[in-house]
Structure formats: structure tokens, C-alpha cells
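# Working through the structure, step by step
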Amino acid sequence: MRRPNAKPRYRKGLSDGWLALLLILPAALLLAVFSIYPFLQAAFDSLFRIPLVTRQSTFVGLANYAEVFQDESVRRAFGRSLIWTVSNIVVQTSLGLLIALLLNTRLYGRTLARGLVLFPYMIPAIVVATVFRFTFNDITGIASYLWLKLPGVHEPIYFLSQPNTALVTVTIVNCWKYTPFIVIVLLARLQTVPRDLYEAAQIDGAGRLALLWYVTLPWLLPVLTVALLLRTIWTVNDFDVIYLLAFGGPLDATTTLPLEIRRLAFSHQDLGLASALAVLVALGISVIALAYLWLYRRSEARLHER
Amino acid sequence: MSSEQARSAARAAVQPAPKRATRHRLRAQLERMGLHALLGLTVLVMSAPLAWMLLSSLKPDQENAAYPPSILPHTWTLQNYRLLFTLSDFGTYLRNSCIVAGVVTVLTIVIGVNAAYALSRFRFRWLNVLAGVALFAYTIPPILLLVPIARTITSLKMGNSLPALILIDTATLLPFALWVLRSYFNGLVIEIEQAAMIDGCTRFGAFVRVALPQAVPGIISTSIFTFNAAWSEYLFAATLTVSPSKLTLSPGMALLLDQTGVYSWGLLMAGAVVMTLPVLVLFTIIQRRLVNGLSEGSVTG
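Residues numbered from 1 in each chain as written. Chains lettered and ligands numbered in written order. Predicted model: local features only at pLDDT ≥ 70, side-chain atom pairs only at ≥ 80, totals over all residues. Heavy atoms only, no water.

With that out of the way, let us pick up the overall build of chain A. Looking only at helices and strands, chain A has 12 helices and two strands in total. Moving toward the C terminus, one meets the helices and strands of chain A in the order α-β-β-α-α-α-α-α-α-α-α-α-α-α. Computed over the C-alpha atoms, the radius of gyration of chain A is 25 Å, more than 25% above the 19 Å expected from 2.2 N^0.38 for a compact globule of 306 residues. Considered along the principal axes of its C-alpha atoms, chain A spans approximately 75 × 65 × 35 Å. Among the 306 residues that make up chain A, the fraction classed as buried is 53%. Long-range pairs, those at least 24 residues apart, make up 67% of the contacts in chain A with a sequence separation of at least 6. (Helix = DSSP H or I, 4+ residues; strand = E, 2+ residues; numbered from the N terminus. Rg over C-alpha atoms; globule rule 2.2 N^0.38 Å. Buried < 20%, exposed > 50% of the residue type's maximum accessible area, 1.4 Å probe, protein only. Contact = heavy atoms within 4.5 Å.)

So this is what it looks like as C-alpha cells:
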């Protein structure tokens, strides 16, 4: 029997330090070998000129970085990445918000509708590419057929094989796949809005738009910021959907930065140059991530102030 | 005035006259109809591509190439599915994908749960550093890792093999799993574990017997997301596996897609449907949790 005032005696196992080390070791090893080491290797490579075939590397210092900044095709890829990321984020956020609010309303068939609307998020990129390459096919695609059926339309659109429409088409497809992510996140958060916040605002005479603007949106904002942080990272880095749908073409029209990195490494055959660009992209993303985290802290703080 | 009084006063003030009530109800009804129409439109747009995929997989080739296209098949057929498994190597890709996604999920969860528990329960400075590194690893563009990883794999003489792909997928999916699971453990009450330790459990025993069973829902959600990501992974699979016997579904389907001259759209749609089926099953399991719980843990944690 234990005396009431005795210090609880824990059974001896491993000491906390050793246990923590053992628990974390496999994860740490995997991350070190397949994430950190390759990253450092790429950073190291970026200081060399490395033709893909011979692998005879010559030290060139920061010359690759200078070249990246001067390279015309890199500059164009940067422009495309900017358009790609901003348009994706804007469309996904606004549509995602509207759909989340709609799915949060008490309507018939809401549960089934939720399932059907959220499902595309889980569809593998290659399936997305296969289905939409069929849908947007120039000759037999149903999209081209429906487009020509529209009143007043006489010219066909070659969705994926025209440089001026390809990026738009890929963006639409990407939004179809990823808007559900924003919906999922916002829908979960919408279900936790404290009732008394609404009641208090209603007593103050707030209309529905005012409720949305002053109660719902501020409540969603912190979670939305984190969701946008993830979406931005993934959209900048996105390779699969663009590559499998359009291969960066036609005429480089969909070559964003990740595809440009691939082109530099495999077609242009210079690992050093490709690594330099990749390192710059990674740094750029970190800066964006920090900006989002700052926004997140601010929106959280605002929420708690009230 | 107390808040209760204020509330009833406010309620009285907005009590509408009878006539206004009818008009108000009419407007509300119209609005609900509009909202239902909007909901229907959203569902249509979001699910039309997948419905089209399913319908096209059940049409004979002539119909898929016909102009104007027909929505419903004139002749329903399973021929595309039969050809998919007899004419192409799809069966092999499917088997490889099952192996890779299955093993990756188990590895990621086992490794991730242990590490996440340590990150959640112990306070050492070096652990914080590790958590930071894991978060950073999440922001590295996969394309940046591609060439160095390919080189490492070649020097380890593991090129063109499923184990190499499994290791890399596990490593790239680990940060996400760590993050979600850690926030899940953070949400569990620590007192029960302490009570178990007072009752004679070791720390590890408290982890396995007390914390782990409570974390099962979080583990299920994380497994489903991990499986889905490994099932869908294209970039590393396409780079690291070369011979047809080692291809997983993503590069395998991409290969078939490049040979649409050889194969048909119907067959490709059949492949897309088969590849989507496991995802659909997982999605049905997770759907409710998706909206109610997981995203909260993963995003706000």
C-alpha cells in the first residue's frame, strides 16, 4: 500500500531522453537521407557546372545563379508560375468559400452533395490528366463539342493545343481538383462558429451580409490562412497535373518553374543550372511561408482580442 | 438592462406584422429554391468529369470516337475492362501500386506515430530542431530532390526497384503524417498516461497501452491520406522505375496515355476507373471525418 504523501514512484523504463531518441530515430534517418541530404547536395551542385552525360563537374561559384537571373526562358517560366499560382489561389479561395457556405446551409441532399463535391480532391493526378485529355481532345472531346453548341460560337477552341488557352485550361482543371481542399477546411471550421457571436451581432442589428463580414469571415480567417499556405506551396511546386496534362507545352506555354527545372536538368542537360533554380524556388517558397505565418498570427490575435 | 432583457426586447422589435410575414416567407422560399439550384449546379460541375469517365469506359470504341458524342452508351459493354487486363500490362501496374502504397502506408504510420508521440510528449531542444526540419522538408520542391535522390539510389545499386520507391515515398510523406499525428497527440489529455505510469506502467507502456488506442481515429485518417498520396505519386515513380514489370499505376497509365494510337480512349477510361475505385472506398470511409475532425487537427494544430 502506498502512503498518501509519498512521491509517486514510476516504474523504471528507459530514461526519457533515450526513449525519445529511439522513437524518433527512424523518422530522423529517413528525413536525413532522402530530404536533407539531397537538398544539401542540390545546393552544393548549384555551385558547379555539371553536364548531365559526362558528370564532369567544374566549380563555377555563383555563376549559375547569375545565369538563372539572366536566362530569358527562366524569366518567362517565372512569369507563368506567378500567373499560375495567383490565379489558382484566387479562384480556389473564392469558389471554395462560396461552396463551403452553400454546403453549410441546411438544404436537401446536403450530405450526398458534400461527398460528390469533395471527391475530386482524392483523384490521382494521372487519372485527372487522362480524363481531361479525353474531355478536351481537339477532335472527339466533349468540351469542344459543347463549346460549339453554345449560341453565337462558331470558332472551335483547341483547349490544350493552343498556346494562348493551354495555361487557362490547365488552371481550370487544377481548380476542379483542389478547390475541394479549401471547402473541406472551411466546412470543418464553419461548424465551430460560436453561436453567441452570431446572437450578439444580431442584437446589434447586423444583417446577414454584416454577419458574414464581421463574424463568419474573421472566424474563418486563421484557418484559411494556413490552408492557403499549404495550397500556395503545393501550387508553386505542382508538377504532376501540368506535366501530365500538357507536358509544359504547347510551345512552353505551360512551362512553370518546376517544369523549367526539369527542362534545365534533362533537356538542357545542366544539373548545376537546374539546381540553382531549384534552390532559388525553395528559398522563395520559404519566404512566402513566413509571410503566411505572420498573417496567421495576426488573424488569430485579432480573433482573441474580441 | 440585463442581456436576457435585451435579447427579448430585440426579439420583440423584429417581430414582423402578419402581412409582412407572408411576403417574407415567400422571399425565403424563393431564396431556398435558388440555393438548391446552385447546389445542384455545383454538384453537376464537380462530378460531371467523373461521370463522363465512367460512361465512356462502358462504351465501345466507335462510340467514343463518334461525333457528335452521345452521353449514354448506345451499347453497354465491359470489353474495355477485359482488354485493359489482357492487352496491356495494367495488371502488373496495379499489383505494384498495391504493394508500394500498402507498404508505404504501414511504414509511414509506424515510423510517424512513434516520432509524433516523442515530438508531442517530450521537451528537449533537439526535438524542436527536428520538428522544424520536418516542417522545412515539407516545403522543399520534390523536383529539387529528384536528381540527387536518383543519384543516391543509383550509388546504392537500388535503381529500378520497388523498395527504393517505397523508401522515398515514405520519406516524402513522413512530414505530413508527423504533423497531423503530433497535433492529434497534443489534443489527448496527458493525465491518463500519467495515471497509468503511477499505476506501474513504463513511459513506453503508457504510450502503447493508453495514448495509442485513443489516437486510432487520427491514425486511420492519416493512413488514408498517406495511402492516397502514395497511390497517386507520379514524379518519383516515373523517374525511378523503368522496366514495365516495375512500373506503378501512375507512370504505367502515363505510358498507356502516350500510346493512345495503340490503345483506345475507352480502355484508358477503364484504367482510370479501376485506379479510382480504391480511392472511392477510402473516401467513403473518411468522408464524415473529413468535414468534422481531421482538417481541424491537420490545419490548426
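As a further point, take the interface of chain A and chain B. Across the boundary between the two partners, chain A contributes 100 residues, which contact 98 residues of chain B. Taken together, both faces of the contact between chain A and chain B bury some 9000 Å²; the carbon and sulfur share is 78%. Contact with chain B buries area across many residues of chain A, yet A:Phe34, A:Met122 and A:Phe134 alone supply 9% of it, more than any other trio. Counting every contact that joins chain A to chain B gives four salt bridges. Among the salt bridges present, the one from A:Asp16 reaches B:Arg203, with a minimum N-O distance of 3.3 Å. Summed over the shared surface of chain A and chain B, the number is seven residue pairs in polar contact (both at pLDDT 80 or more). At 21 residues, helix α1 (residues 16–45) of chain A tops the list of elements feeding residues into the side of chain A that touches chain B. Looking at the side of chain A that touches chain B residue by residue, the class counts come to 71 nonpolar, 16 polar and 13 charged. (Buried area = accessible area lost by both parts, 1.4 Å probe. Salt bridge = Lys/Arg side-chain N within 4 Å of Asp/Glu carboxyl O. Polar contact = N/O pair within 3.5 Å; in protein donor to acceptor, adjacent residues only side chain to side chain. Nonpolar A, V, L, I, M, F, W, Y, C, P; charged D, E, K, R; others polar.)

On to the environment of B:Ala230, then. Residues and elements named next belong to chain B. Here Ala230 is to be found in helix α11 (residues 216–232). Residue class for Ala230 comes out buried when judged on its relative accessible area of 7%. The sequence separation of Ala230 and Arg182 amounts to 48 residues, and the corresponding C-alpha distance is 21 Å. Among all residues touching Ala230, those that are not within four sequence positions of it are Ala101, Val104, Asp169 and Leu173.

This next bit is on the side chain of B:Ser57. All names here are of chain B. On the secondary structure map, Ser57 appears in helix α2 (residues 18–57). The class of Ser57 is buried, set by a relative accessible area of 0%. Here the side chain of Ser57 touches Tyr81 through a polar contact of 2.7 Å, side chain to side chain. In this view, Ser57 contacts Thr77, Asn80, Tyr81, Gly266, Met269, Ala270 and Val273; residues no more than four positions away in its chain are not counted.

Residues and elements named next belong to chain A. Contact pair helix α8 (residues 195–203) / helix α9 (residues 208–237): the axes reach a minimum separation of 10 Å and the direction vectors enclose 160°. Between α8 and α9, the interaxial angle falls into the category roughly antiparallel. As for the relative orientation of α8 and α9, their crossing is right-handed in sense. Of the residues in α9, those touching α8 at Leu197, Tyr198, Ala201 and Gln202 are Leu211, Val215, Thr216 and Trp219. Of the residues contributing to the contact of α8 with α9, the split by class is six nonpolar, two polar and no charged. (Axes fitted to C-alpha atoms, helices over the stretch in contact; angles between N-to-C directions. Parallel < 35°, antiparallel > 145°, perpendicular 65-115°, else oblique. Left-handed = near helix turned anticlockwise from the far one by under 90°.)

Over its 25 residues, helix α8 (residues 162–186) of chain B extends 35 Å from the first C-alpha to the last, a length consistent with the 36 Å expected when each residue adds 1.5 Å. Taken as a whole, α8(B) carries its principal kink of about 40° at B:Leu174; the proline B:Pro175 stands between one and four residues after it. (Expected span 1.5 Å × (residues − 1). Bend = angle between axes of the 7 residues up to and from the residue.)

All names here are of chain A. One non-glycine residue with positive phi stands out, namely Leu251, at about 50°. Relative to the helices and strands, Leu251 resides in the loop between α10 (240–246) and α11 (257–267). With relative accessibility at 77%, the residue Leu251 sits in the exposed group. A positive phi angle is found at Asp252, which is not glycine, with a value near 65°. Inspection of the secondary structure assignment puts Asp252 in the loop between α10 and α11.

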